[in-house]
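These are the residues of each chain, in order.
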Amino acid sequence: ILTAIDRSKAQPFANVLFALGIRYVGNTTAERIVDYFGNIDDLMAASLETLAGVPDVGPRIAQSLFEWFGNDENRQYVARLRAAGLQMV
């Protein structure tokens, strides 16, 4: 079990972003977002306009991301995942 937990911490950031369950963010979109921002901190700090400018991210997905990361509970969730050792870059 411990080996499986350690392997889960090695998942790429795009997989972690997809696993957050943000509405409209699928695998491919998560990959595009990660390619554009590179890390969770830059993604969380992005404006709605910046999010909408990401390739393959339209206004609906940008709004969903902006609202999700604007929620304090979700930010705390990300902080707990980071503290647990998940990849955020």
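That block above? That's the structure.
Since the model is a prediction, treat every value here as computed from it, not as a measurement.

Draft legend 1. Focus on the overall build of the chain. Each helix and strand counted, the chain has seven helices and zero strands in total. In sequence order, the secondary structure elements of the chain are arranged as α-α-α-α-α-α-α. On C-alpha atoms alone, the chain measures out to a radius of gyration of 13 Å, which is about the 12 Å that the 2.2 N^0.38 rule sets for 89 residues. Here the C-alpha coordinates of the chain stretch approximately 40 × 25 × 20 Å along the principal axes. A total of 89 residues make up the chain; the buried ones form 34% of that total. Sequence-distant contacts, at least 24 apart, represent 54% of the contacts inside the chain between residues at least 6 apart. Summed over its atoms, the accessible surface of the chain is roughly 5,400 Å², and 52% of this surface lies on carbon and sulfur atoms. The chain carries 8 positive and 10 negative side-chain charges, and their two centres are separated by 7 Å.

Draft legend 2. Structural detail: the packing of aromatic side chains. Summed over all chains, the structure comprises two aromatic pairs. When the ring of Tyr36 is compared with that of Phe37, the centres are 5.0 Å apart and the planes differ by 70°; the resulting orientation is edge-to-face. Residue classification places Tyr36 among the partly exposed positions, given a relative accessible area of 43%. With 5.0 Å between their ring centres and 80° between their planes, Trp68 and Phe69 make a pair best called edge-to-face. If you follow Arg60 out to its NZ or CZ, it ends over the ring of Tyr24, 4.2 Å from the centre.

Draft legend 3. Representation of a nonpolar patch on the surface in the model. Residues Ile1, Leu2 and Ile5 make up a contiguous nonpolar surface patch of roughly 380 Å² in combined accessible area. As for its position among the elements, Ile1 is in the segment before helix H1 (2-9). Given the relative accessible area of 85%, Ile1 is considered exposed.

Draft legend 4. Seen up close, the nonpolar core. Leu17, Ile22, Ile33, Ile40, Leu43, Leu65 and Phe69 are the most contacted members of the largest nonpolar core, which totals 26 residues. Here the element with the most residues in this core is helix H6 (residues 59-70); it accounts for five residues. If we skip the residues at most four places from it in the chain, Ile33 touches Leu17, Val25, Gly38, Leu43, Val54, Val57 and Leu65.

Draft legend 5. Region of the structure containing the side chain of Asn39. Looking at the element boundaries, Asn39 is found in the loop between helix H3 (27-37) and helix H4 (40-45). A distance of 2.8 Å separates a polar side-chain atom of Asn39 from the backbone nitrogen of Asp42. Excluding its chain neighbours within four sequence positions, the residues that come into contact with Asn39 are Phe13, Met88 and Val89.

What counts and how
- Residues numbered from 1 in each chain as written.
- Predicted model: local features only at pLDDT ≥ 70, side-chain atom pairs only at ≥ 80, totals over all residues.
- Heavy atoms only, no water.
- Helix = DSSP H or I, 4+ residues; strand = E, 2+ residues; numbered from the N terminus.
- Rg over C-alpha atoms; globule rule 2.2 N^0.38 Å.
- Buried < 20%, exposed > 50% of the residue type's maximum accessible area, 1.4 Å probe, protein only.
- Contact = heavy atoms within 4.5 Å.
- Areas by Shrake-Rupley, 256 points an atom, 1.4 Å probe, with all protein chains shown as cover.
- Lys, Arg positive; Asp, Glu negative; His and termini not counted.
- Charge placed at Lys NZ, Arg CZ, Asp CG, Glu CD.
- Phe/Tyr/Trp six-rings, centres within 6.5 Å; stacked < 30°, edge-to-face > 60°.
- Lys NZ or Arg CZ within 6 Å of the ring centre and 35° of its normal.
- Patch = residues over 30% accessible without salt bridge, like charges linked within 9 Å, V, L, I, M, F, W, Y side chains within 5 Å.
- Salt bridge = Lys/Arg side-chain N within 4 Å of Asp/Glu carboxyl O.
- Core = buried A, V, L, I, M, F, W, Y, C linked by side-chain atoms within 4.5 Å.
- Polar contact = N/O pair within 3.5 Å; in protein donor to acceptor, adjacent residues only side chain to side chain.

The analysis is restricted to geometry; functional conclusions fall outside its scope.
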